[in-house]
Amino acid sequence: MIPFNKPYLTGKETHYIYDAVNAGKLSGNGKYTKLCQEYFESKFQIKKALLTTSCTDALEMAAILIDIQPGDEVIMPSYTFVSTANAFILRGAKVIFIDSNSQNPNMDIDLIESFITPKTKAIVPVHYAGVACDMDKLMALADKYNLFVVEDAAQAVDSYYNGKALGSIGHLAAFSFHETKNIIAGEGGLLAVNDDRFVERAEIIWEKGTNRSSFFRGEVDKYGWVDIGSSFLPAETIAAFLWAQLENLEMIQERRKEIWSLYYSSLNKLCDEFNIGLPHIPEFASNNAHMFYLVTNDLEERTGLINHLKQSGVLAVFHYLSLHKSPYYSNEYPDVAAYNLVNTDNFADRLIRLPLYFDLTNENVEFICGEITKFYIKK
Ligand SMILES: *Cc1c(COP(=O)(O)O)cnc(C)c1O
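Residues numbered from 1 in each chain as written. Predicted model: local features only at pLDDT ≥ 70, side-chain atom pairs only at ≥ 80, totals over all residues. Heavy atoms only, no water.

### Comments concerning the pattern of salt bridges
Move 1: Enumeration according to the criterion identifies 18 salt bridges in this entry.
Move 2: A salt bridge links Glu-203 to Lys-48, with the shortest nitrogen-to-oxygen separation between them at 3.7 Å. Here Lys-48 lies in strand β1 (residues 48-52) and Glu-203 lies in helix α7 (residues 196-206), a separation of 155 residues in the sequence.
Move 3: A salt bridge links Lys-121 to Asp-72; its shortest N-O distance comes to 3.5 Å. Of the two residues, Lys-121 sits in strand β4 (residues 120-123) while Asp-72 sits in the loop between α3 (55-65) and β2 (73-77), which places them 49 residues apart along the sequence. (Salt bridge = Lys/Arg side-chain N within 4 Å of Asp/Glu carboxyl O. Helix = DSSP H or I, 4+ residues; strand = E, 2+ residues; numbered from the N terminus.)

### Topic: the site of the ligand
Move 1: Near the ligand lie 15 residues; those nearest to it are Thr-56, Asp-152, Gln-155, Ser-176 and Lys-181.
Move 2: Residue Asp-152 places a side-chain N or O atom 2.8 Å away from a nitrogen atom belonging to the ligand.
Move 3: Between the ligand and the protein, one listed contact pairs an oxygen atom with a side-chain N or O atom of Lys-181 at 3.3 Å.
Move 4: Relative to its free-state accessible area of 390 Å², the ligand is covered by the protein chains to the extent of 93%.
Move 5: For the ligand, the cavity whose grid points lie within 2 Å of the majority of its atoms is the largest pocket. (Near = heavy atom within 4 Å. Polar contact = N/O pair within 3.5 Å; in protein donor to acceptor, adjacent residues only side chain to side chain. Areas by Shrake-Rupley, 256 points an atom, 1.4 Å probe, with all protein chains shown as cover. 1 Å grid on protein atoms, 1.4 Å probe; cavity = no way out; pocket = protein on both sides within 12 Å on 5 of 7 lines; lining within 4 Å. Sits in = over half its atoms within 2 Å of the grid points.)

### Some words on α3
Move 1: Among the 11 residues of α3, nine are classified as buried, and the element is accordingly described as predominantly covered.
Move 2: Inspection of α3 places Cys-55, Asp-57, Ala-58, Leu-59, Met-61, Ala-62, Ala-63, Ile-64 and Leu-65 among the buried residues, and these make up the whole buried set.
Move 3: Here the buried face of α3 lies against β1, α4 (82-89), β5 (148-152), β8 (172-176), β9 (189-193) and α7.
Move 4: Two or three places before Thr-56, at the opening of α3, Ser-54 has a side-chain oxygen 3.4 Å from that residue's backbone nitrogen.
Move 5: Directly beyond the C-terminal end of α3, a positive phi value near 60 degrees is found at Asp-67. (Buried < 20%, exposed > 50% of the residue type's maximum accessible area, 1.4 Å probe, protein only. Contact = heavy atoms within 4.5 Å.)

### Describing the domain arrangement of the chain
You'll often see interface size given as the accessible area lost when the parts meet.
Move 1: Annotation of the chain at the domain level lists domain 1 (13-246) and domain 2 (249-378).
Move 2: The centre of domain 1, based on its C-alpha atoms, is set 26 Å off from the matching centre of domain 2.
Move 3: For the pair domain 1 and domain 2, the summed buried surface comes to about 3,500 Å²; carbon and sulfur atoms form 57% of the total.
Move 4: Taken together, domain 1 and domain 2 are joined by two salt bridges.
Move 5: Between Asp-335 and Lys-94 there is a salt bridge, with its nearest N and O atoms 2.7 Å apart.
Move 6: One can count 24 residue pairs in polar contact (both at pLDDT 80 or more) joining domain 1 with domain 2.
Move 7: Taken together, the elements giving at least two residues each to the side of domain 1 that touches domain 2 come down to α2 (31-44), α4, β3 (94-98), β6 (160-161) and α9 (236-246). (Domains from an automatic or database assignment. Buried area = accessible area lost by both parts, 1.4 Å probe.)

### Some words on the sheet that holds β5
Each strand in a sheet pairs with another by means of backbone hydrogen bonds, the pair being arranged parallel or else antiparallel.
Move 1: The sheet built from seven strands is open, its strands ordered β1-β9-β8-β5-β4-β2-β3 with mixed pairing. If you trace the sheet from one side to the other, it starts and ends with β1 and β3, each paired once. For this sheet the average axis-to-axis angle between neighbouring strands, irrespective of direction, equals 25 degrees.
Move 2: In this sheet, β9 lies alongside β8 in antiparallel orientation, the contact comprising five bridges. Note on β9: the bridge partner recorded for Ala-173 is Ala-192. (Pairing = 2+ DSSP bridges. Axes fitted to C-alpha atoms, helices over the stretch in contact; angles between N-to-C directions.)

### So, the nonpolar core
Nonpolar side chains in soluble globular proteins tend to be buried together.
Move 1: In terms of nonpolar packing, the biggest core is built from 93 residues, with Phe-40, Ile-66, Phe-88, Phe-97, Ile-112, Phe-175 and Phe-177 touching the most fellow members.
Move 2: At eight residues, the largest contribution of residues to this core is made by α3.
Move 3: Viewed by domain, this core spans two of them, domain 1 (13-246) and domain 2 (249-378), each represented by three or more residues.
Move 4: Not counting residues within four places of it along the chain, the set of residues in contact with Ile-66 comprises Phe-88, Lys-121, Ala-122, Phe-148, Val-150, Leu-172 and Phe-198.
Move 5: Counting 29 residues, the second largest nonpolar core, distinct from the first, contains Ile-306, Ala-316, Leu-356 and Tyr-376. (Core = buried A, V, L, I, M, F, W, Y, C linked by side-chain atoms within 4.5 Å.)

### Overview of the pairing of β2
Move 1: For β2, the buried fraction is high: five of the five residues fall into the buried class.
Move 2: Because side chains alternate across β2, one face comprises the buried residues Glu-73, Ile-75 and Pro-77, and the other comprises Val-74 and Met-76, equally buried.
Move 3: In the sheet, β2 pairs with β3 via five bridges, with the strands oriented parallel. Each residue of the ladder has a partner; that of Val-74, found in β3, is Val-95.
Move 4: Note that the unit made of β2, α4 and β3 has a crossover that is right-handed.
Move 5: Across three bridges, β2 lies against β4 in parallel orientation. When the bridges of β4 are listed, Ile-75 appears paired with Ile-123. (Right-handed = clockwise from strand over helix to strand, strands pointing away.)

As structure tokens, then:
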């Protein structure tokens, strides 16, 4: 059986965890947390990076930081993971879901302006499959209407927009180190703060609403409760695991890109012949090989392909049901649920993700592509 995902271990994870345990400081914000944060700040030009227990938590911190109030509106794509929306819903926002563009699942930036109202507070672009949204266009729009931009960069580690790292462009951004992402910690995430106004408060919210971090830096002589907050920081053991991965980022990325390119070149001709969609990467975007997907002609074809691959011992999956039509959301906001988001529904029905992980061999990829070819030729 070829699984859909297999977490890759560099071999140093347990070594660093052992070191963290031996150092006798297991709670958060220790040596490994600092190493990981500094890595993100220097490699990706992020003003202030804060490690979190998940990308979901980083998004929740972002919603607190931009002071989302009940009734505020937040614009985002419908084709995304629930956490992108939940983080803002939890603070009482109304989420306005926008269609994907026709070329890839990223939000259609040109649609946004017509949905901006006096209640709009933020735009949340999701860099699907690590492929950048058009950030110049988006930041210009946010500037014009005085809105915040929170990048959901969960899938976008080491990916770039015109040379600028994703996660370093919006006022705030969130990364994920869930075991299905390129760089993993089991569960883990990171909040990127790129706007000076949020740096100090971000640390307080991170540390349960206390100014504990500045106390430990010796900036205040006692620490106490100064704001709202929660327990958003992970234990040092998580950071230690992550550090082993970050040290090997380049090697991991190189192999993932090889696999991605092998898929692309092996399937290019077949896709042309059978009108199957391949990942589209705009000129301004880099490819971080987070995901390899195909867009089949319809739902029935996708179901058939998934079943065929399963019978051949390959686990391919689909994901993201249009959030605007989800049971929770359509009950709360039937007005937005009634939007006709054609491209979103298309990707929800037709997109299929193929296995992509470090240990996947070239032979595995060739086998998978061979099975896909068999499915279409037989058809
Ligand atoms: C994985 C993912 C998340 C959630 O990340 P966690 O670290 O599991 O909380 C959020 N948004 C997108 C687009 C994702 O792919």
